[in-house]
Amino acid sequence: MVDQDPGWRGAGARSMARAVVVAAALLCGAVPGAAFLQAPLPGGGALRRGVSDASRLALRPSLGAVPSVGAISSVPSVGAISPVARVGATSWRLAPLRSSRLFADTEAGEESATGGDEDVTAVTGGDEDDVTSKSVEEKEEEEEEIPFRSETAAGYASKKKEWGDFQYQPTAVRREVARKHRGEMCARSDAERGEWGFWADVRSLPPIHVVLVGGPCSGKGTIAPMLSQAFRCRVVGVGTLLRGEIRAQTPRGEAAAETMQKGDLLPDDLVLGMVNERICGSHDAQQNGWLLDGFPRTAQQATALVSGKYGCSLQPDCVVVLQRPDELIREFALGRMVDTATGHTYHPVFAPPPADIQARLVWRVDDTPAVINKRIADYQSAIGGILEAFEENDIPTRQFNNAQSELETFAQVAEFVESVARAKLEKMGGPSALMEGAERRVMSSSESSAEEADVAALCSELEGEEECLIRYEEEIDETVPPLLTAVRRCNEYDPNDFIPVLVGDEQVGWTPLDMLDALSDTLAKGEACELAMLKSDNKPRDVAYDAPPQVDIPGYSVAVRLAPQATGGVERSDTVAAIVDSLVEDGYIPKKALRRERQEVRPLAFGFGGPGAPPPLLQMERAAMIHFGMPAFAIHVNGFVRGPEGEIASVWVGTRSMSKATYPGLLDQVVAGGQPAGLSFLENVEKECLEEASLPPEVIAQIQPAGVVSYRYTTRKGLSTKSIAVFDLEFPEGMSPICGDGEVEEFNLMTIEHALESIRTKLPLWKPNAALVMVDFALRHGFISSEEPGYEELQTLL
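For every chain, the first residue of the written sequence is number 1, and numbering continues from 1 onward in sequence order. Under the rules for a predicted model, residues below a pLDDT of 70 receive no local features and side-chain atom pairs below 80 are neither given nor counted, while totals for whole chains, interfaces and linings still include all residues. Hydrogens and waters are ignored; side-chain quantities use all the structure's heavy atoms.

Trainee: Can you tell me about the state of the cysteines, naming the residues and giving the values?
Mentor: Note on terminology: disulfide denotes any pair of cysteine sulfur atoms within 2.5 Å. For the structure shown, the criterion picks out 1 disulfide. Here cysteine 233 is not cross-linked by a disulfide; its sulfur's nearest cysteine counterpart is in cysteine 318, at 9.3 Å. Looking at cysteine 233, the relative accessible area reads 1%, which means it is buried. Exposure categories follow from relative accessible area, calculated using a 1.4 Å probe and restricted to protein chains: below 20% of the type maximum is buried, above 50% is exposed, and the middle band is partly exposed.

Trainee: Residues and numbers for the sheet that holds strand β15 (residues 498-503), please.
Mentor: Read across the sheet, 5 strands follow the order β16-β15-β19-β17-β18 without closing on themselves; strand pairing throughout is mixed. Each of the sheet's edge strands pairs with one partner strand only, and the pair in question is β16 (506-512) and β18 (551-552). Note: two strands are recorded as paired if DSSP finds a minimum of 2 bridges between them. In this description a helix means any DSSP run of H or I spanning at least four residues, a strand means any run of E spanning at least two, and both kinds are numbered starting from the N terminus. Both β15 and β16 contribute to a ladder of 6 bridges, which runs antiparallel. Following the sheet pairing, valine 503 is matched in β16 by glutamate 506.

Trainee: Would you mind going over the sheet that holds strand β14 (residues 397-401) in detail, with residue names and values included?
Mentor: Here 5 strands make up an open sheet; going across it, the order is β8-β9-β7-β10-β14 and the pairing parallel. Both outer strands of the open sheet, β8 (234-237) and β14, are each paired with one neighbouring strand and no more. Looking at each pair of strands side by side, their axes are set apart by 20° on average, direction ignored. Whether two residues are in contact is decided by their heavy atoms: any pair within 4.5 Å suffices. With axes taken as lines fitted to C-alpha atoms, and helix axes fitted only over the stretch in contact, angles between N-to-C directions fall between 0 and 180 degrees. Docked against the sheet, helix α7 (residues 238-248) engages β8 and β9 (289-293), running at close to 65° with respect to β8.

Trainee: Now, about the packing of α7 against helix α9 (residues 268-280): what can you tell me, with residues and values included?
Mentor: Two numbers describe how α7 lies on α9: the axes approach to 10 Å, and their chain directions differ by 95°. Comparing their axes, α9 and α7 come out roughly perpendicular. Contacts from Val238, Leu241, Leu242 and Glu245 in α7 reach Val271, Met274, Val275 and Arg278 in α9. Across the contact of α7 with α9, the residue classes break down as 6 nonpolar, no polar and 2 charged. When describing relative orientation, an angle under 35 degrees is termed roughly parallel and one over 145 degrees roughly antiparallel, while 65 to 115 degrees is termed roughly perpendicular and anything else oblique. Gly falls in the polar group here, along with every residue not listed as nonpolar (Ala, Val, Leu, Ile, Met, Phe, Trp, Tyr, Cys, Pro) or charged (Asp, Glu, Lys, Arg).

Trainee: Outline the packing of helix α23 (residues 752-761) against helix α24 (residues 768-780), listing residues and values.
Mentor: Closest axis-to-axis distance for the α23/α24 pair is 10 Å, and the angle between their directions is 135°. If you check the angle between α23 and α24, you find them oblique. Crossing angle aside, the handedness with which α23 passes α24 is left-handed. The residues of α24 that touch α23, namely those facing Ile752, Ala755, Leu756 and Ile759, are Ala771, Met774, Val775, Phe777 and Ala778. Class assignment for the residues of the contact of α23 with α24 results in 9 nonpolar, no polar and no charged. Each crossing is labelled by how the near helix is turned from the far one, with a counterclockwise turn of less than a right angle marking it left-handed and a clockwise turn marking it right-handed.

Trainee: Could you give me a rundown of the packing of aromatic side chains, with the residues and numbers involved?
Mentor: For this analysis, a ring pair means two rings from Phe, Tyr or Trp (six-membered ring only for Trp) whose centres lie within 6.5 Å, classed as stacked if their planes differ by under 30 degrees, edge-to-face if by over 60, and tilted for the remaining angles. Taken as a whole and assessed by the stated rule, the structure comprises 11 aromatic pairs. An angle of 40° between the planes, with centres 6.4 Å apart, marks the rings of tryptophan 652 and phenylalanine 731 as tilted. With tryptophan 652 in strand β23 (residues 648-656) and phenylalanine 731 in the loop between β27 (719-730) and β28 (744-751), the pair connects residues that are 79 residues apart, well separated along the chain. Summarising the burial analysis for this pair, tryptophan 652 and phenylalanine 731 share the class buried.

Trainee: Requested: an account of unusual backbone geometry, with residues and values cited.
Mentor: Note the cis peptide between phenylalanine 295 and proline 296, where omega equals 10°. Within the element layout of this structure, proline 296 appears in the loop between β9 and α11 (299-305). Of note, serine 694 is a non-glycine position whose phi angle comes to about 55°, a positive value. Examined against the element boundaries, serine 694 turns out to sit in the loop between α21 (681-693) and α22 (697-700). Looking at serine 694, the relative accessible area reads 1%, which means it is buried.

Trainee: Which residues make up the environment of glycine 237, and what values go with them?
Mentor: Along the polypeptide, glycine 237 turns up in strand β8. Along the backbone, glycine 237 and glycine 294 are 57 residues apart, and their C-alpha atoms lie at a distance of 6.9 Å.

Trainee: If you had to explain the confidence of the model for the protein to someone new, which residues and values would you point to?
Mentor: Here the protein averages 76 in pLDDT, and 74% of its residues register 70 or above. Ranking the helices and strands of the protein by mean pLDDT puts strand β10 (residues 318-323) first, with 97, and strand β6 (residues 91-96) last, with 28. Note: pLDDT gives the predictor's confidence per residue, expressed from 0 to 100. Predicted confidence for residues 191-202 stays below pLDDT 50, and this span has 22 contacts to residues more than four positions away or in other chains. Ignoring residues within four places in sequence, the model shows residues 439-451, a span with pLDDT below 50, making 39 contacts including any to other chains.

Trainee: Go over the side chain of arginine 336, please, and point to the residues and values.
Mentor: For arginine 336, the position within the fold is in the loop between α12 (326-333) and β11 (337-339). A relative accessible area of 2% means that arginine 336 is categorised as buried. For the purposes of these results, a polar contact is taken to be a pair of N or O atoms within 3.5 Å, where, inside protein, one atom must be able to donate a hydrogen and its partner to accept one; residues adjacent in sequence count only when each atom of the pair is a side-chain atom. A distance of 2.8 Å separates a polar atom in the side chain of arginine 336 from a polar atom in the side chain of aspartate 367.

Trainee: Go over α23 with me, naming the residues and quoting the values.
Mentor: Within α23, the full set of buried residues consists of Ile752, Ala755, Leu756, Ser758 and Ile759. Buried residues in α23, looked at end-on, bunch into an arc of 155°, giving them a common side. In this structure, the buried residues of α23 make contact with α17 (482-488), β23, β24 (667-669), β28 and α24. The arc in question is formed by the directions pointing from the helix axis toward the C-beta atoms.

Trainee: Hey, could you go over the nonpolar core for me, with residue numbers and the actual values?
Mentor: With 40 residues, the main nonpolar core has Val651, Ile752, Ile759, Trp766, Met774 and Val775 as its most contacted residues. For this core, the elements supplying multiple residues, two or more each, are α17, β22 (632-642), β23, β26 (704-714), β27, α23 and α24. Of all the elements, α24 adds the most residues to this core, at 9 residues. Not counting residues within four places of it along the chain, the set of residues in contact with valine 651 comprises Gly639, Phe640, Asn748, Leu749, Met750, Ile752, Ala755, Met774 and Phe777. By nonpolar core we mean a set of buried residues, namely Ala, Val, Leu, Ile, Met, Phe, Trp, Tyr and Cys, connected to one another through side-chain atoms within 4.5 Å.

Structure follows, in structure tokens:
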């Protein structure tokens, strides 16, 4: 460890520090491509150290009581050295690297830390990532240019200021502004005034496809999520996708890594194929639209987007260009800092950091005048050809001056995008065409069954966060302990409103009493289904039974038995399909809800049937499952981080993308998803960890099963029964999740205490079953004591 004190100053100090690190690098086989760390020295100046990306050792800041988590939220920080330094750091230590980290990421901060994608330019057609392929000698020449920076002093102050003073607003304020714009936009729609009824709640404008481009530090990463929140479009960042695939070590990621290591550009077909796969393969992107953040980077890529050669259309409806004066770009780049726990970006002038987070702040040491000037020049040389390619295809394009508050810029950009969307609606044929399209999208929805018809959100779509919390505070039953409230709301049902459903003598579900009326004709015939007497001390209903009771379900004397005369799974499935058809014909099950997809039905006692399980009793239309109370399954992963003493201290929490059809903008586990047939829980967890958090295989291999959280509640369709297979995964020091599929707006690291307090006081901000899983995690790891009000009921209900 090298301590910083007044004796470590000047060139001699730098030479000594460099000698220590370069020696370590040489021992590990240093190669070109060094990344540098910078720490402020007492009395000014800076101590700089360099080490090869390929080295097996890395310098990491010693964070004391603060866990070193996720150097930058958008940086795959497991493996090579992270090109950041802690603001105000007092010491550095050598730490072993993990094999999954291939490169030092060289672009984050104001853009990518808030969801943007200014990075990975070199691999997609530009030169912003040239810093990763420079020799050690070239790095040393640039090293002297790195300006001194701190949490209160930027590295550059322009003497040619051509803009007014402004400061960025907190994320919560930006979200509220975007929400209000959406409300105003809906109010301007005839549909929202009631012409369409239900469809007005789905969408008042057609899905919009946006390309958002701009130079370095132009504000893309701030404007992109605001547009997503207002228009419900999915943000797709090429840099984030690429980083995720490299870290997850997918075949495409490994090919990209090999190409980048050689200093070559990735082929356009590879990059565009990745974009096409993410957009065309995403139900949310197809239903709600998409926003390409910071892409294309070249005229050739722009031409390819509008060529129509891909499986679905990648042609944008409009192009938004963010502009800032070069001097303002330099001020932003040479002063930006990132909170390692949240990924939020700060700047001494434009976004001053709170005092209580300064120990966690880091900055990018490749933000040097030389590198920034090159990025500016590269962008200026490319943007003309990019815009020409779009304009030649008559795509509306508009440039916006972003040398102002992000709220002002957002208002201008949103007005433009809305005008494009309204023109698109008119071209489609007006609101009636949009209603038909919305109905088709709902009918073809591929949302996981684990999220369908789940517990209602406590906030309406157009209700502000503060407004919702105030209303919730007024409505909440204060006699019920807050954590118990979170669990009870997912377990609200009256057993007397339902009767068991059998296949043979096995219980497979529960059906509401009104189903008896809907099935009265079928029950009377006794062929497709029948009433079955159960062993019970209860007095039977006034019904005649042909056979003595064989099944004992405590508290119930009668059940509905499906396909009693069928002799095998295929025959049972066909019989039940006929029952479903009759329920659809009678209007009990809406025809538009049908998926034309069958799911396996097994005994309740058996649970989920993965690979190798016995054959199912039958298969049933997916949309009918909830009407018969048959369970749905899902997986959730608690990604936790240990503190300095080895104790479990924090968990990663994701904010769901506003493009999600269910629970947009609410808090969720780091990884969560429905359980498809044909995969085991573990196989599904591995798949979701790759897709949703871009975790490398050696980290995923450490995942531990932690039990099942079950709950059931009444819906207008029937009794919804859910079982979530829960897994715990320890995140290595310095690793943060990367959203690989666009389903998460951002990840934040919360202490366990903070997460529980959030559930206690801000429950509406949580996805309902995510709050359950968080409470379960806290119970299992001793964060909720037996003195907690409602403790025994918490244990029982979970």
